[in-house]
Amino acid sequence: MTGYQKNRVRLNVGGRIFETTATTLANAGRNSLFGAMFDDSWNLQSDNTNEYFIDRNPDCFAVLLDLLRSNELCVPANMSEKLLYREALYYGVLDHVRSAKWGPFDGNRLWLSRTVAGQAPGDGTAIRAGPDGGCCVAHGCMVHVYDWMLDEHPPINLDYQTVNDVGWLDSENIVVSVCERMGRGDGGIGLFSSSSGELRDKFQVSHENQVKSFTAGALSFSSDYKIYSSCKGRSNEYGIGVWDQITGKQTDFFYEPLGWSLGDADKLQWLNGSNCLLVATLFPRNDNCYISLLDFREKKMVWSWSDMGAPITSDEKRVRDAIAMEESNAICVVNEYEDLGFIDIRNSGGSVRWSSRSKLMKGKMPDEPCYPKLALHEGQLFSSMNDSISVFCGPDWVLTSRLRRSYGGSICDFSIGGDRLFALHSEENVFDIWETPPSPII
C-alpha cells in the first residue's frame, strides 16, 4: 500500500463522526462497501471532499469498525445481534462477523449457542444445514427455512404431501422429495426458492417414454451438478433417478436389480473420489439391509453388502445408518446400541467388524428410542443416539466428546454445515444449534 492509503479517513455515519485509516477499511475486502471506495490498485478514491457520509446506524458501525481494527467482535449487551448482522450485511462484512463469532469447526469444542422452538409437536422428518449457516426443517408437509441469523423465511408448503427428504443445492435453492398422492398424479421432486418458498421447477421421471408420477425418497447431489433420488412408481420404475441440476431434465435411471432394494433407499451419498453413489436401504424400511455402490458410467453395482440370511445376534442388531469413508476404504454402520461397525469396500460382501459400545448404553435406552444417524465431517465421525450426539476421532475412532441437552426428547436427525451442527429433537420438534467458539486471542 502507498503512504497515501495510510492517511486518515473521515466518515459521517448517521450524523456521528468516525476517523480511521484506509488500511483499516481495506481489511473489509474487495467485495465490501468499503472495497468500492478503492481503485484497482487499492488506492483510496477521492472526490475532493474531506468526509464520506453513510446513512446508517452509527452504534452498529462502531462495533463493525472495531472488528476491522482488531479482528475481535465485542457486542454491547443492549445491542440487538440481528440488527448488527443486518448492518454487517449492508457493508458486506458478514463473513468477518461470522469468522470472529465462530472458530474453525471442531466437534470436541462445540457449545450450545441457541435453541429454536418447533412449529408443531411430533416427529420432524429431517434437518439439513445450509451452506451459509442456515438450515431447513422438514415436518409433515412443510419445510421451514431459516437463514444464518435464524430468521424464518416463508415456509415451503407441499399442500399436505408428506416430505421424505430435503437438501440444499446452494444458498438460494432447496430440493424437496415427497410421496405420490394416489389419484392425483403428482409427487416426486421440486426445486424451491429458499427465500420465498416458491416452486421453481419439477423433476419428472420418464419410463418407456411416458412421464410417470412417483414417490421420491432419499436425495443426494454430486459435484458435477447432478441430483440423485430413490424413486418408486406404480409400474417398473423402481430405482435411482438422475437429473441435471441446471436444466432439470432426467439424464439417467438405475433400475433396481431383481432381489435388491434401491427405490426405498433411506440414504444416498455421492462419493467424489470414486464417482460412485452409496445407496443404503435399511431396517425397518426393509426387512433386510442393503448397501451398495453404483457406478452410473458403467451402469454397474460395483460393490454390495446385505445382511440377508445372516444370523442376527443380540449384540449385532440391524444396521440403522451407513456412511462411506473413502479415505479408509470403508463403510461405517451403526446399530441401535450405537455400536459402530466397519465394512471393507475392497472386498464385496465382506462381514462387519463391530466396535462394541453397547455397555455404555445399558440402562439408558428410552421407551421409544430414535434410530441413530451418522455424519462425517473434517475427519471427525458423529453419531446421534437418543438425546445426545457422540464425537469419534483418530484412526481407531475413539469416543472423545458427547453433546447432550435433555429438553425436546430424542434426536431424530442432525446435520453439519456452515460451521454449525443442527440437531432436531423428536418430541417437541425443537432444534439446537451447536457452534465452535473462537480461540482466545493471545
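1. Brief notes about the overall build of the protein chain
Thought 1: A count of helical and extended segments in the protein chain gives 5 helices and 33 strands.
Thought 2: Looking at the protein chain as a whole, 51% of its 442 residues qualify as buried.
Thought 3: Carbon and sulfur atoms make up 46% of the accessible area of the protein chain, which totals about 20,700 Å².

2. Some points on the confidence of the model for the protein chain
Thought 1: Averaged over all residues, the pLDDT of the protein chain equals 87, while 89% of them reach at least 70.
Thought 2: Helix α5 (residues 358–361) is the least confidently modelled element of the protein chain, averaging 49 in pLDDT, while strand β19 (residues 267–271) averages 97, the highest of any element.
Thought 3: Confidence over residues 1–5 falls short of pLDDT 50; this stretch has 13 contacts with residues more than four positions distant or in other chains.

3. Quick look at helix α2 (residues 58–70)
The α-helix winds at 3.6 residues per turn, so residues separated by three or four positions along the chain end up facing the same way.
Thought 1: Compared with an ideal rise of 1.5 Å per residue, which puts 13 residues at 18 Å, α2 spans 18 Å between its outermost C-alpha atoms and is within 8% of the ideal.
Thought 2: The set of residues buried in α2 consists of P58, C60, F61, V63, L64, L65, L67 and L68.
Thought 3: Against the buried residues of α2 lie β1 (8–13), β2 (16–21), α1 (22–26), α3 (81–91) and α4 (94–101).
Thought 4: One side-chain oxygen at the N-terminal end of α2 lies 2.9 Å from the backbone nitrogen of D59; it belongs to N57.
Thought 5: Taken from the residues just after α2, N71 is the one with a positive phi, measuring 65 degrees.

4. Focus on the pattern of salt bridges
Thought 1: This structure, assessed with the given rule, holds 23 salt bridges.
Thought 2: Close ionic contact of R297 with D295 constitutes a salt bridge, the shortest N to O distance being 3.1 Å.
Thought 3: Under the relative-accessibility criterion, R297 is labelled exposed at 60%.
Thought 4: Its salt-bridge partner being D307, residue R318 comes within 3.2 Å of it at the nearest N-O pair. Linking R318 in the loop between β22 (300–306) and β23 (321–325) with D307 in the loop between β22 and β23, this pair joins segments that are 11 residues apart in sequence.
Thought 5: For D307, a relative accessible area of 5% translates into the label buried.
Thought 6: Among the charged side chains, a network of salt bridges with common partners joins R8, R10, E19 and E51.

5. Here we look at the packing of α3 against α4
Thought 1: Running from N to C, α3 and α4 cross one another at 135 degrees; their axes reach a closest spacing of 7 Å. In terms of orientation, α3 lies oblique with respect to α4. Counting all contacts with α3, which are made through E81, Y85, A88 and L89, the residues of α4 involved are L94, V97 and K101.
Thought 2: Looking at the contact of α3 with α4 residue by residue, the class counts come to 5 nonpolar, no polar and 2 charged.

The rules behind these values
Residues numbered from 1 in each chain as written. Predicted model: local features only at pLDDT ≥ 70, side-chain atom pairs only at ≥ 80, totals over all residues. Heavy atoms only, no water. Helix = DSSP H or I, 4+ residues; strand = E, 2+ residues; numbered from the N terminus. Buried < 20%, exposed > 50% of the residue type's maximum accessible area, 1.4 Å probe, protein only. Areas by Shrake-Rupley, 256 points an atom, 1.4 Å probe, with all protein chains shown as cover. pLDDT = per-residue confidence, 0-100. Contact = heavy atoms within 4.5 Å. Expected span 1.5 Å × (residues − 1). Polar contact = N/O pair within 3.5 Å; in protein donor to acceptor, adjacent residues only side chain to side chain. Salt bridge = Lys/Arg side-chain N within 4 Å of Asp/Glu carboxyl O. Axes fitted to C-alpha atoms, helices over the stretch in contact; angles between N-to-C directions. Parallel < 35°, antiparallel > 145°, perpendicular 65-115°, else oblique. Nonpolar A, V, L, I, M, F, W, Y, C, P; charged D, E, K, R; others polar.

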